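# Observations on chain architecture
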Amino acid sequence: MYCKFQRTNGESATKEKVGTSSKYFFTVMPAAKFDWLRRKNFGLYSKVAVGATYASERQKQDVNGEKKEVHSDNEIRFNFQASLIGVEVGSQKLRGFAEFGVGEQGIAQAGVRYKF
């Protein structure tokens, strides 16, 4: 964490480190995929997922070289993903995909998946 200090004697402002902050998130979200069209090299689907996210946040202030915890918060949040349309193209084992929807994973995602 940084603060910008404006000097009253006309000197330019200085930016100084005043502490540290950390945030961690861990999500477990099982999903179900519904195939609308499944062909050898092409597929259309929808996906829904529901789960929870554990969020941890800590802020420590650095005063004269001594770190003092000023804020700590841990909570569990409900999470979901609803991908209304998903498209995958490729072979039976290796496919590229793109999904469009709302939720934890965003409004659009794309990638490559491999089936063992």
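Quick look at the structure, then. Computed from a predicted model, the values in this text were never measured in an experiment. (Residues numbered from 1 in each chain as written. Predicted model: local features only at pLDDT ≥ 70, side-chain atom pairs only at ≥ 80, totals over all residues. Heavy atoms only, no water.)

### Details of the overall build of the chain
The secondary structure content of the chain amounts to zero helices and eight strands. Mapped from its N terminus to its C terminus, the chain presents α and β elements in the order β-β-β-β-β-β-β-β. Relative to the compact-globule value of 13 Å for 116 residues, the chain shows a C-alpha radius of gyration of 23 Å, a clear excess of over 25%. Expressed along its principal axes, the backbone C-alpha trace of the chain runs to roughly 75 × 30 × 25 Å. Across the 116 residues of the chain, 18% fall into the buried class. Contacts in the chain between residues far apart in sequence, at least 24 positions, make up 44% of those at least 6 positions apart. Averaging the positions of the 19 positive and the 12 negative side-chain charges in the chain gives two centres separated by 11 Å. (Helix = DSSP H or I, 4+ residues; strand = E, 2+ residues; numbered from the N terminus. Rg over C-alpha atoms; globule rule 2.2 N^0.38 Å. Buried < 20%, exposed > 50% of the residue type's maximum accessible area, 1.4 Å probe, protein only. Contact = heavy atoms within 4.5 Å. Lys, Arg positive; Asp, Glu negative; His and termini not counted. Charge placed at Lys NZ, Arg CZ, Asp CG, Glu CD.)

### Observations regarding the packing of aromatic side chains
Under the counting rule described, the total for this entry stands at two aromatic pairs. Considering the side-chain rings of phenylalanine 78 and phenylalanine 80, the 6.4 Å spacing of their centres and the 20° angle between planes classify their relative orientation as stacked. For phenylalanine 80, a relative accessible area of 35% puts it in the partly exposed group. Arranged with centres 5.2 Å apart and planes meeting at 80°, the rings of tyrosine 114 and phenylalanine 116 form a pair that is edge-to-face. The ring of tyrosine 45 has lysine 33 sitting right over it, with the charged end atom 4.5 Å from the ring centre. Arginine 113 extends its terminal NZ or CZ atom over the ring of phenylalanine 97, reaching a point 4.2 Å from the ring centre. (Phe/Tyr/Trp six-rings, centres within 6.5 Å; stacked < 30°, edge-to-face > 60°. Lys NZ or Arg CZ within 6 Å of the ring centre and 35° of its normal.)

### Comments concerning the pattern of salt bridges
In total, this model carries eight salt bridges according to the counting rule given. Here the salt bridges share partners, and the residues they tie into one network are Lys33, Asp35, Arg38, Lys47, Glu88, Arg95, Glu99 and Arg113. (Salt bridge = Lys/Arg side-chain N within 4 Å of Asp/Glu carboxyl O.)

### Regarding the environment of valine 112
Relative to the elements of secondary structure, valine 112 occurs in strand E8 (residues 108-114). Separated by ten residues in the primary sequence, valine 112 and valine 102 place their C-alpha atoms 20 Å from one another. Leaving out residues up to four positions away in the same chain, valine 112 has contacts with Leu94, Arg95, Gly96 and Phe97.

### Quick look at the side chain of glutamine 81
With respect to the element layout, glutamine 81 can be found in strand E6 (residues 66-90). Of the residues examined, glutamine 81 reaches a relative accessible area of 2% and is grouped as buried. Here the side chain of glutamine 81 touches glutamate 104 through a polar contact of 3.3 Å, landing on its backbone nitrogen. When neighbours within four sequence positions are excluded, glutamine 81 is seen to be in contact with Met29, Lys47, Val48, Ala49, Gly101, Val102, Gly103, Glu104, Gln105 and Gly106. (Polar contact = N/O pair within 3.5 Å; in protein donor to acceptor, adjacent residues only side chain to side chain.)

### Observations regarding the pairing of E8
Two elements, strand E7 (residues 94-103) and E8, share seven bridges in a ladder whose sense is antiparallel. Bridging from a neighbouring strand, glycine 96 pairs with valine 112 of E8. Adjacent in sequence and paired antiparallel, E7 and E8 are bridged by four residues, among which glycine 106 carries a positive phi angle near 100°. (Pairing = 2+ DSSP bridges.)

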